[in-house]
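Residue-level structural notes
Residue strings, one per chain:
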Amino acid sequence: VIIYGDLPKNKENVIYLSNHQCTVDWIVADMLAIRQNALGHVRYVLKDGLKWLPLYGWYFSQHGGVYVKRSAKFNEKEMREKLRAQMKAETPMYLVIFPEGTRYNPEIPKVIADSQSFAEKEGLAILKHVLTPRVKATHVAIDTMKDYLDAVYDVTVAYEGTVDHKGQRKLAPSMTEFLCKECPRVHVFIDRIELKDIPEEQMYMRRWLHERFEIKDKLLIEFYDAKDSKRRNKFPGKSVHSKLSLKKTLPSLLFLGGLTASMLLTESGRKLYVKTWIYGTLIGCLWVSIKP
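Residues numbered from 1 in each chain as written. Predicted model: local features only at pLDDT ≥ 70, side-chain atom pairs only at ≥ 80, totals over all residues. Heavy atoms only, no water.

An unreviewed UniProt entry lists the chain under the name PLCE acyltransferase, with Aegithalos caudatus given as the organism. Taken directly from UniProt, the Sequence similarities (unreviewed entry) text for the chain runs: "Belongs to the 1-acyl-sn-glycerol-3-phosphate acyltransferase family." (UniProt positions renumbered as here; feature names shortened; annotations may be inferred.)

Regarding the nonpolar core
In terms of nonpolar packing, the biggest core is built from 38 residues, with Ile15, Val45, Met79, Leu95, Ala141, Met145 and Val152 touching the most fellow members. Elements with a contribution of two residues or more to this core: strand S1 (2-5), strand S2 (14-18), strand S4 (66-68), helix H3 (76-88), strand S5 (94-97), helix H5 (136-145), strand S6 (151-159) and helix H7 (202-225). When residues of this core are assigned to their parent elements, the largest contribution, 8 residues, is made by H7. Non-local contacts of valine 45, meaning those with residues more than four positions away in its chain, are made with Val66, Val68, Met79, Leu95, Val96, Ile97 and Ala137. Core analysis: the next-biggest nonpolar cluster, separate from the first, contains 32 residues, Ala33, Tyr94, Tyr153 and Val188 among them. (Core = buried A, V, L, I, M, F, W, Y, C linked by side-chain atoms within 4.5 Å. Buried < 20%, exposed > 50% of the residue type's maximum accessible area, 1.4 Å probe, protein only. Helix = DSSP H or I, 4+ residues; strand = E, 2+ residues; numbered from the N terminus. Contact = heavy atoms within 4.5 Å.)

A short note on the pairing of S2
Among the 5 residues that make up S2, 5 are buried, leaving the element largely enclosed by the rest of the structure. Where burial is concerned, the two faces of S2 agree: the one with Val14, Tyr16 and Ser18 and the one with Ile15 and Leu17 are both buried. Across 4 bridges, the pairing between S2 and S5 is parallel. Bridged to valine 14 within S5 is tyrosine 94. Bridge count for S2 against S6 is 5 bridges, and the pairing is parallel. Its bridge partner lying in S6, serine 18 is registered against valine 155. (Pairing = 2+ DSSP bridges.)

A closer look at the domain arrangement of the chain
Once the domains are mapped, the chain shows domain 1 (2-243) and domain 2 (245-291). Using only C-alpha atoms to locate each centre, domain 1 and domain 2 end up separated by 28 Å. Each partner contributes to the interface: domain 1 provides 13 residues, whereas domain 2 provides 12 residues. Between domain 1 and domain 2 the total buried area reaches about 1,000 Å² when both faces are included, carbon and sulfur atoms providing 69% of it. Its largest share of buried area at the contact with domain 2, domain 1 owes to Trp52, Leu55 and Trp58, together 47% of the area lost on that side. Put simply, domain 1 and domain 2 have 0 salt bridges between them. For the interface between domain 1 and domain 2, the tally reads 1 residue pair in polar contact (both at pLDDT 80 or more). (Domains from an automatic or database assignment. Buried area = accessible area lost by both parts, 1.4 Å probe. Salt bridge = Lys/Arg side-chain N within 4 Å of Asp/Glu carboxyl O. Polar contact = N/O pair within 3.5 Å; in protein donor to acceptor, adjacent residues only side chain to side chain.)

Regarding the packing of helix H8 (residues 246-264) against helix H9 (residues 267-290)
Contact pair H8 / H9: the axes reach a minimum separation of 6 Å and the direction vectors enclose 110°. Our classification of the angle between H8 and H9 gives roughly perpendicular. Mapping the contact onto sequence places Thr260, Met263 and Leu264 in H8 and Gly269, Arg270, Leu272 and Tyr273 in H9. Of the residues in the contact of H8 with H9, the class split is 4 nonpolar, 2 polar and 1 charged. (Axes fitted to C-alpha atoms, helices over the stretch in contact; angles between N-to-C directions. Parallel < 35°, antiparallel > 145°, perpendicular 65-115°, else oblique. Nonpolar A, V, L, I, M, F, W, Y, C, P; charged D, E, K, R; others polar.)

Let's talk about the side chain of threonine 91
With respect to the element layout, threonine 91 can be found in the loop between H3 and S5. Residue threonine 91 is classed as buried on the basis of its relative accessible area of 14%. Once residues within four sequence positions are removed from consideration, threonine 91 is found in contact with Asn13, Arg43, Gln86 and Tyr148.

Some remarks on the UniProt feature "domain: Phospholipid/glycerol acyltransferase" (unreviewed entry) in the chain
When the UniProt feature table is mapped to this numbering, "domain: Phospholipid/glycerol acyltransferase" (unreviewed entry) covers residues 14-139. Taken end to end, residues 14-139 is 38% helix and 14% strand, and its first and last C-alpha atoms sit 14 Å apart.

Some remarks on the environment of histidine 20
Looking at where histidine 20 falls in the secondary structure, it is placed in the loop between S2 and helix H1 (24-34). Here histidine 20 falls in the buried class, since its relative accessible area comes to 8%. Between the C-alpha atom of histidine 20 and that of tyrosine 44, which follows or precedes it by 24 residues, the distance is 13 Å. If sequence neighbours within four positions are ignored, histidine 20 has contacts with Asp25, Trp26, Phe98, Glu100, Thr102, Arg103 and Tyr104. A distance of 2.9 Å separates the side chain of histidine 20 from the side chain of aspartate 25, its partner in a polar contact.

Right, here's the structure in full:
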């Protein structure tokens, strides 16, 4: 993990805004949070359909995640109520939002073309390596929690090994590819932004957010397309090769591995494991459909 920019050592209540390419982006947020001792504080703004994920859909909801629908179906009141409940409970907040609303996938050029066409129609800068961001969830989150937050983290993520022999950008790594080390390095650029520097009205925040994504786009153009090969596969500025000590990772590995192994090595444990998934999924789906 190569880190650029400003990542405070101490944990803070923050909104984390990032470009979105693959499921590994979720894990990158965890990678940064664990370096601030804030791993258990990570919560996500998720598209509504993910609440039906077996077990995880229920877990994310109970852990402070917010499910939202896109465009006209976006329920602002529901999101505000969920965030206010978290603040009332004095819940530490590391809220991850992907403002693009969907993944940037070079293998689906229509999504990219539609995004660029929309930006042109709205008089916004056309972006190459990111999609035109949507402002609703970001505005509601910042507006609702402005007195609760310490800062906003503007995060840009790039994966090495995602350019083909012709210099064209490829699909970002899947979770399996990432875990099998087919992506050698993840580059993460963090810009810590004070709340006072962010406009409050949605109309102006929309422009501000697009400008932030213009900055992301320039960073990614440098990363993927720089004419000088020595400048490719890295962001400009100083970087730190950030390693984690065993004491931050080994206890969780031993606990989870030991718990899973103890269940799978016995017949009764395997039955319990299967029942947990089946009944947990059914109860979880029922729960989130009643109380999202």
